[in-house]
Amino acid sequence: MEDLHLEYEIIRGDMARAGEASAAVKQVLRKMGFDSDTIRRVAICMYEGEINMVIHADGGKAGVDIAPDHVTVTLTDRGPGIPDVEQAMQAGFTTAGEHARDLGFGAGMGLPNMKKHSDHMTIDTAIGVGTTVTMVINAL
């Protein structure tokens, strides 16, 4: 299997299309023969990241690098940045607005779920510039 790079644009505020990138990646991973647990973990990480970019940032890009033994997801947004990463990593902490919460989002589980379902995660953030979250999910 050759390495593969996929890239998706995430649009700010577009709740109707949020999740399309993670669904597309799931299909690609299935066709490539990845196991269901790896596919599930990648999909959770991507979906949570997509929702975060739609709700909190001015959109961004989701890059997915697929190798035979792992998948690397890189989510880069144009947004406010995360003032306190440690606080943002606490389950239940959210800065989501009322509109997102009314739609059933913004429970404060995005970053904690991304951390839980990835084997390695880094967050690089700059106030007023944006945030890049990189996750590696090892294939089983």
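Position numbers for residues start from 1 in each chain and track the written sequence from start to end. Only residues with pLDDT of 70 or above have their local features reported here, since the model is predicted, and side-chain atom pairs are shown and tallied only from 80 upward, although totals for entire chains, interfaces and linings are computed over all residues. The side-chain values count all of the structure's non-hydrogen atoms but skip hydrogen atoms and water molecules.

Observations regarding the sheet that holds strand E5 (residues 130-138)
The pairing of strands in a sheet comes from backbone hydrogen bonds and takes either a parallel or an antiparallel form. With respect to topology, five strands assemble into an open sheet ordered E1-E2-E3-E5-E4, the strand pairing being antiparallel. Each of the sheet's edge strands pairs with one partner strand only, and the pair in question is strand E1 (4-10) and strand E4 (120-126). On average, each strand axis in the sheet is tilted by 10° relative to the strand beside it, whichever way the strands run. In short, DSSP must find at least two bridges between two strands for them to pair. Strands are runs of DSSP state E lasting at least two residues, helices are runs of H or I lasting at least four, and both sets are numbered from the N terminus onward. Sheet topology places E4 next to E5; seven bridges connect them, and they run antiparallel. Its bridge partner lying in E5, isoleucine 123 is registered against valine 133. What makes two residues a contact is simply this: any of their non-hydrogen atoms within 4.5 Å. Each axis is a line fitted through C-alpha atoms, and for a helix only the stretch in contact is used; angles between axes span 0 to 180 degrees, taken between their N-to-C directions. Of the strands in this sheet, E1, strand E2 (60-67), strand E3 (70-77) and E5 touch helix H2 (residues 36-56), which is tilted by about 0° from E3.

Section: the nonpolar core
We call a set of buried Ala, Val, Leu, Ile, Met, Phe, Trp, Tyr and Cys residues a nonpolar core when their side-chain atoms join them within 4.5 Å. Buried residues are those whose accessible area, probed at 1.4 Å on protein chains only, stays under 20% of the maximum for their type, while exposed residues exceed 50% and partly exposed ones sit between those limits. Counting 30 residues, the largest nonpolar core has Val25, Leu29, Val42, Met46, Val71, Val73 and Met135 as its most contacted members. Listed by contribution, the elements that provide at least two residues to this core are E1, helix H1 (20-32), H2, E2, E3, helix H5 (110-117) and E5. When residues in this core are grouped by element, the largest group, seven residues, is from H2. Apart from the residues lying within four places of it in its own chain, the contact partners of leucine 29 are Phe34, Ile39, Val42, Ile66 and Val71.

Observations concerning H2
Residues spaced three or four apart along an α-helix face the same direction, because each turn holds 3.6 residues. For H2, with 21 residues, the first-to-last C-alpha span of 30 Å sits near the 30 Å given by 1.5 Å per residue. With a side-chain oxygen lying 3.2 Å from the backbone nitrogen of aspartate 37, the N-terminal cap of H2 falls on aspartate 35. Expected helix span is taken as 1.5 Å per residue step, with the number of steps being one fewer than the number of residues. Counted as a polar contact is a pair of N or O atoms within 3.5 Å, where, for protein atoms, one must be capable of donating a hydrogen and the other of accepting one, and residues adjacent in sequence contribute only when both atoms are in side chains.

A closer look at the pattern of salt bridges
One speaks of a salt bridge when a side-chain nitrogen belonging to Lys or Arg is within 4 Å of a carboxyl oxygen belonging to Asp or Glu. Going through the model one piece at a time under the given rule, you end up with seven salt bridges. Across the pair glutamate 20 and arginine 17 runs a salt bridge whose closest N-O atoms are separated by 3.2 Å. The class for glutamate 20 is partly exposed, based on a relative accessible area of 41%. Residue classification places arginine 17 among the partly exposed positions, given a relative accessible area of 44%. The partner of aspartate 37 in a salt bridge is arginine 40, and the shortest N-O contact between them spans 2.6 Å. In this pair, aspartate 37 and arginine 40 both sit in helix H2, three residues apart, roughly one turn of the helix.

Function cannot be inferred from these measures alone, as they are strictly geometric.
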